[in-house]
Every structure is written in C-alpha cells, then in structure tokens.
Amino acid sequence: MKKYLFSFGIVSILSVSILFPAKTLASWAYSFVVWDGYVYVITNETVNEVDEEIGHVTKYSDREGTYSGNFSNVFPKGTKYYSIVGVSTDEAISVEDGNGAYIKANRSGEYAGNKNDRWTVSSTIIIVWILIFVIIAMMGIYYINKRRG
C-alpha cells in the first residue's frame, strides 16, 4: 500500500512538472508594441506631429510569451497608439508615453502570437484532460489491486 502511494506520488509529480512546466522570467530583446497583428519596435525618437488615434494597448506583460491583441512589453494597458503625419502605419506609429510625449515605433514584422492563440487554449484543455484521465486510471488500478489483495 505504501509502495503504491509512493509510486503514485512520484508519477503525479513528474506528470504535472512535464505537462505544466514553470514559466521563467526573462528579459525581452527589445521594447515593443503590437498593433493590428504587427510588431513595432520602440525607438528613442520623439514624434511632434501625430495624426489620429488608431488603437491602444490591450495586454501588458513583462514575461516572455505570446499574447493576443494589441500587446506591449513596456507600456501599460490603455496606452494609446497614433498614426504619424506623413508616415504610413506600414512603416511606423507613435505611442503616447504617459507624460504627454509621443514616441516613434518602427514596424519590424508580423506578430506570431496572434496565430498561436487558438492552439495555446486548445493545448491547455488537452493537457488538463490527459491529467484527469491519468489520475482516474491510477485510482482505478489502485482499487482493482486493493480488491484482489
């Protein structure tokens, strides 16, 4: 009985640690915002003439990962994005810095996070169901062995 419980504990701990690895804190390679599915890298250049508001930060995180929406790793949720007078949003946008200034952010490419969102949610659900199945199976084996022995 004790041997079985010890084995069950070890298998459970290993299963949980493999299926749900701990997220580690990491520093981003650069500061950025995501707008309309594209990454815009923050520069040190200020913008004097902004045009119209085009969006805002919907998700902030300082942990590496993939996120949906208008994500930023430096600006808080609610920070506004603006188009720049005479500059296409395919090239750059401006970001309000919270002190009344506008900072230029250059477009660097498509953001992969939006493509992975559906898979991330599905994989979490699958992992949870697998874990539930393993626990139920181990409990069944335990009770069968208990009846026989």
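Everything below is about the structure printed above this text.
Please read these numbers as outputs of a predicted model, since none were measured by experiment.

Asker: Can you break down a nonpolar patch on the surface residue by residue, with the values?
Answerer: A surface patch of nonpolar side chains, about 490 Å² in accessible area, is lined by Ile 125, Val 128, Trp 129, Ile 132 and Ile 136. In this structure, Val 128 sits in helix 2 (residues 113–148). Take Val 128: its relative accessible area is 35%, and that puts it in the partly exposed class.

Asker: Describe in detail the pattern of salt bridges, supporting the description with residues and values.
Answerer: Per the stated rule, a full pass over the model turns up 3 salt bridges. Note that Lys 104 and Glu 45 form a salt bridge whose closest N and O atoms lie 4.0 Å from each other. With Lys 104 in strand 8 (residues 102–110) and Glu 45 in strand 2 (residues 38–46), this pair connects stretches of sequence that are 59 residues apart. The exposure class assigned to Lys 104 is buried, which follows from its relative accessible area of 14%. A salt bridge links Lys 80 to Glu 53; its shortest N-O distance comes to 3.9 Å. Taken as a pair, Lys 80 in strand 6 (residues 80–84) and Glu 53 in strand 3 (residues 50–56) lie far apart in primary sequence, 27 residues in all.

Rules used throughout
- Along every chain, residues carry numbers that run from 1 in the direction the sequence is written.
- Confidence filtering applies because this is a predicted model: local features only for residues at pLDDT of at least 70, side-chain atom pairs given and counted only at 80 or more, and all residues used for totals across whole chains, interfaces and linings.
- As a rule here, side-chain values come from all non-hydrogen atoms in the structure, and water together with hydrogens is ignored.
- Like-charged residues within 9 Å of one another, or nonpolar side chains (Val, Leu, Ile, Met, Phe, Trp, Tyr) within 5 Å, are grouped into patches, provided each residue has over 30% relative accessible area and no salt bridge.
- Only the protein chains shown count as cover for residues, with accessible areas throughout obtained via the Shrake-Rupley method and a probe of 1.4 Å.
- Salt-bridge detection follows one rule: a side-chain nitrogen of Lys or Arg within 4 Å of a carboxyl oxygen of Asp or Glu.
- Strands are runs of DSSP state E lasting at least 2 residues, helices are runs of H or I lasting at least 4, and numbering of each runs from the N terminus.
- Only protein chains enter the accessibility calculation, which uses a 1.4 Å probe. A residue is then buried if its area is under 20% of the maximum for its type, exposed if over 50%, and partly exposed in between.

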